[in-house]
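Geometric and topological summary
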Amino acid sequence: MAPRTPSARPLPAAKGAVDHRRMANAVRFLAIDAVEAAKSGHPGMPMGMADVASVLFTRVLKYDAADPHWPDRDRFVLSAGHGSMLLYALLYLAGYEGMTLDEIRNFRKLGSRTPGHPEIEAHPGIETTTGPLGQGLGNAVGMALAERLLATRFGPGLVDHRTYVIASDGDLMEGISHEACSLAGHLGLAKLVVLFDDNRISIDGPTSLATSDDALRRFSAYGWHTARVDGHDADAVYAAIEVAKEAGRPSLIACRTVIGYGAPHKAGSEVTHGSPLGAEEVAATRKALDWPHPPFEVPADVLAAWRAAGRAGADARRAWAGRLAESPERAEFERRLAGRLPEGWERAALAVRDRLASERPTLATRQASQQVVDALAAAVPEMVGGSADLTGSNGTFAKGMTIVRRGDFSGRYLHYGVREHAMAAAMNGMALHKGLLPYSGTFLVFSDYMRPSVRLAALMHQRVVFVFTHDSIGLGEDGPTHQPIEHLAALRAMPNLNVFRPADAVETAECWALALARSDGPSAIVLTRQAVPTLRPAGGGPNLSARGGYVLAEATGPRRATLFATGSEVSLAMAARERLAAEGVAAAVVSIPCWELFDAEPADYRAAVVGPCPVRVSVEAAAPHGWERYVGERGAALGLSRFGASAPFAELYAKFGLTPEAVVAAVRARL
C-alpha cells in the first residue's frame, strides 16, 4: 500500500480550523530542528510516524498532561527509542510541565531532559527507558499484564487503561519480540495495541536485505488481531485503533509509512535514519510541507490545539480521583502504587530466618528460599512470581498462589515458559507500571538470556527480584553447559544491581528481606542446588547480611589469616578454619553475601572485617575476577578459570581444588 498525503480532516481534540496536517508537521519540524541543532540523532522515524503519533495523542490516548503520574492513564511506550524526538515533541506540544522549547533545543546535551534515547528519570512523561530494540515492547507486555492483574484486584473503577506502543522493524527483528508477543497472545492481553512503523528501512538499507517476514501473519499465529493501514492517513489510523480496542486480543497495526516523510531528496532512504538532514534538505522540506516557520517555532494556533489535546483528559482524571476518594480500597491502592510495603512485612522473613537458625537444617539455599517466599508472599500481596519453565527447581511458586491464565487474572504466579528475556522485560514493565512487586526464577547460567533486561532494570532503578538457582559446579551432573563460571563476575560488574549469594538458610532469609526492602534498584538472589549446612548461630538479632559482609567466625587468637567466601563455599572456609586452628593458625571467616552492600559500608567497618593481617584467601566456585579487592596482592583467590564437567558435585569440587585442604594449603603458602 503506497502512503498518500496526510489527511487534512480536523481532529476532534484540535479546536478551530487547525487540521491534522499542521498538527503532525509541528511534531516533524521540532524533531528535524532538534536533530539539526544537536548535529546527531534520528530524524527519519519521527518524520514518518508523526501522523500516527498525532492521531494517538489527540484522538485516542487517555491522559492529562497536567498529571503525568495519574495511575489510570493510558501508557505510551516508544519502543523505537532511537526516534526519541518524536516523544519529546509530543510531550512539549501537549503541555507537559518541564518539557520546554529550551529542552528541545538542548536535545542530546549533557544534563538535558531530552537525552539521545528516552530515559525515565529525564521526565515523568517518559514511561520507560528504551533504545535497545525490543525492550520497550517487552516492557509494554508487562504493563498490559499489570493493568489486568490490578484491575482484577481493584476493579475497573480504579484500573481501566490501555497500553500503546510504537515499534520499528528492528523491534520486531529482535528475538525478544517473539518471546514477549507470544506470551501476550497466550495470555490474551486485549488492552495492548502495537503500532508498527512499517517503513521497510533499516540503518543498512531496505529491510529486504535481512528479513522477508510477514509480520501480520506472524502475529496472527500468536493469536493477535492484525491490520494494515496507510500510516499517513489519519482517519484510517484512527479507525484501525478503534477496531483494535474492540478486538478482544492484543493488536498489531502495521502502519505503512515513509521514513523521512516530506524530505524531497531523502525521504524513503536509510540516510534519514540516523543522521541530520542537512541545512539544504531541511529548507527543501519546509517548502515541500508548507512550513514557513523558523526553527523551533510552532504557530500559536497549532500549539493551542495541541495544548487543548493535552488537557482533554482532565475531566476523566478528576472523575477517577473522585472514585478513588470514595473507594474503601483507597489506602491499599495508594500504598501499592507508592511502593510502600505492608506494615510488619519484614517480620515474615526474619521469623523464617530465626526458625531455620534454631532447626539448623542441611538444606539447599534454593529450598530455604522457597520457605521464605511462602512467608513473604502471604505478607506482601503485591508480590507476583514466576519462572521460565523451572518452577520446581527455582522454588518460586509460593503457597496460596494461583496461576495467571488467559481470562483469569486473579492469580499471582506466571508460567513464562522458556522465555527468559521476555520474562525479565515484562517484570520491568510491571515494576514501571507500579502496584506490583515482580520476582521470577531461572538457572544462573541462563541469566545470559535475560541480561539486557536485567541491565535496564538496574539503569531504571526498578524494584525487581531475579532468582537464579543452580549457581555453580555444585549442580553436578548436568555438566558444563549448565554450570555457571563467569556469571557472578558479570552480574557484579553491572552498576546498581545487588547480587546476593547467601551461605546458608539463615542468610537466604536475610537476603530476601534486603531484596524486597530495596526500592531503588533490582536484586539478584543466587542460590545453590546442593544442600549446605546452617552456619549461623541460633537466635534473632539484626540482619547481619545488611552490611554485605561480616565476620562469621572470628579467629580463636590473634588473627593470622582471613578467609573470605560466599554461598556454598562459606562452609568450606569454616572447615578450613578448624583445620588451621588445629595447626595453631588462628583464622577468621568472613562471609560476603553481597559485595555491593559491603563495598558501600564505611571504610573503618570494612577494614575491621578484613582485618590487618596480610594473609587473605578467598574461595568461590566461580571465576575469581574481583576478589583481589579483598585478598590484596599477597592473597589468593581460589576459583574456576575453566569450564566445569559432568559428575557428582563432590567429585567436581575435589577435581577443581575447591576444598578445605586447598584453602589450608593456600594459607600455609603465604604465612
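Residues numbered from 1 in each chain as written. Predicted model: local features only at pLDDT ≥ 70, side-chain atom pairs only at ≥ 80, totals over all residues. Heavy atoms only, no water.

By the element assignment, Ser79 lies in the loop between β1 (75-78) and α3 (84-94). Under the relative-accessibility criterion, Ser79 is labelled buried at 0%. Reaching out from Ser79, the side chain makes a polar contact with the backbone nitrogen of Leu137 at a distance of 3.0 Å. (Helix = DSSP H or I, 4+ residues; strand = E, 2+ residues; numbered from the N terminus. Buried < 20%, exposed > 50% of the residue type's maximum accessible area, 1.4 Å probe, protein only. Polar contact = N/O pair within 3.5 Å; in protein donor to acceptor, adjacent residues only side chain to side chain.)

Our focus in this paragraph is the environment of Tyr238. Here Tyr238 lies in helix α9 (residues 234-245). Given a relative accessible area of 25%, Tyr238 falls into the partly exposed group. Between the C-alpha atom of Tyr238 and that of Leu137, which follows or precedes it by 101 residues, the distance is 21 Å. Those residues in contact with Tyr238 that lie beyond four places of it in its chain are Val55, Arg59 and Val60. (Contact = heavy atoms within 4.5 Å.)

Our next topic: the sheet that holds strand β13 (residues 498-500). Note on sheets: strands pair through backbone hydrogen bonds, and any given pair is parallel or antiparallel. The six strands are arranged β10-β9-β11-β12-β14-β13 in an open sheet whose pairing can be described as parallel. Each having just a single partner strand, β10 (413-415) and β13 make up the two edges of the open sheet. Averaged over all pairs of adjacent strands, the angle between strand axes in this sheet comes to 20 degrees, irrespective of strand direction. Pairing between strand β12 (residues 465-469) and strand β14 (residues 523-526): four bridges, direction parallel. Bridging across to β14, Phe468 finds its partner in Val526. Along the sheet, helix α17 (residues 420-433) makes contact with β9 (383-387), β10, β11 (437-443) and β12, crossing β11 at roughly 165 degrees. Against the sheet, helix α18 (residues 447-459) touches β11 and β12, its axis set at about 155 degrees to β12. (Pairing = 2+ DSSP bridges. Axes fitted to C-alpha atoms, helices over the stretch in contact; angles between N-to-C directions.)

Next up on the list: unusual backbone geometry. Phi is positive for Phe296, which is not a glycine, with a value near 70 degrees. Of note, His461 is a non-glycine position whose phi angle comes to about 60 degrees, a positive value. Accessibility expressed as a relative area gives 31% for His461, which makes it partly exposed.

Counted by the stated rule, this structure contains four cavities of 30 Å³ or more. Empty space within the largest cavity amounts to approximately 120 Å³. Contributing to the lining of the largest cavity are 16 residues, with Leu61, Asp74, Tyr96, Gly125 and Glu127 lying nearest its centre. When residues of the lining of the largest cavity are traced back to their parent elements, those giving at least two are β1 and α3. Residue classes in the lining of the largest cavity are distributed as nine nonpolar, one polar and six charged. Here the second largest cavity is characterised by a volume of approximately 40 Å³. As for the second largest cavity, its lining consists of Phe76, Val77, Leu78, Leu87, Pro118, Ile126, Glu127, Thr128 and Thr130. A total of three residues in the lining of the second largest cavity trace back to one element, the largest contributor, which is β1. A class-by-class count of the residues in the lining of the second largest cavity yields six nonpolar, two polar and one charged. (1 Å grid on protein atoms, 1.4 Å probe; cavity = no way out; pocket = protein on both sides within 12 Å on 5 of 7 lines; lining within 4 Å. Points joined across faces, edges and corners; volume = space filled by probe spheres on them. Nonpolar A, V, L, I, M, F, W, Y, C, P; charged D, E, K, R; others polar.)

Moving on, we get to the confidence of the model for the protein chain. Averaged over the protein chain, the pLDDT score is 96; the fraction of residues at 70 or greater is 97%. When the criterion is pLDDT under 50, residues 1-16 qualifies, and its contacts beyond four places in sequence or with other chains add up to 47 contacts. (pLDDT = per-residue confidence, 0-100.)

Across all of its chains, the model carries 21 aromatic pairs by this definition. Pairing Phe443 with Phe446 gives two aromatic rings, centres 5.9 Å apart and planes at 15 degrees, and the pair type is stacked. When its relative accessible area of 7% is taken as the criterion, Phe443 is described as buried. Here the aromatic residues Phe564, Trp595, Phe598, Tyr605, Trp627 and Tyr630 are joined through ring pairs into a cluster of three or more. In this arrangement the basic side chain of Arg153 is found over the ring face of Phe154, its NZ or CZ atom lying 4.5 Å from the centre. Taking NZ or CZ as reference, Arg492 lies 3.9 Å from the ring centre of Trp595, over its face. (Phe/Tyr/Trp six-rings, centres within 6.5 Å; stacked < 30°, edge-to-face > 60°. Lys NZ or Arg CZ within 6 Å of the ring centre and 35° of its normal.)

Considered for burial, the residues of helix α10 (residues 279-288) that qualify are Glu281, Val282, Thr285 and Arg286. Take α10 and look down its axis: the buried residues cluster within an arc of 145 degrees, on one side only. Along α10, exposed side chains directed more than 90 degrees from the buried face belong to Ala279, Glu280 and Lys287. Buried residues in α10 make contact with α1 (20-38) and α2 (44-60). In the stretch just after α10, Asp290 is the one whose phi turns positive, near 55 degrees. (Arc of directions from axis to C-beta.)

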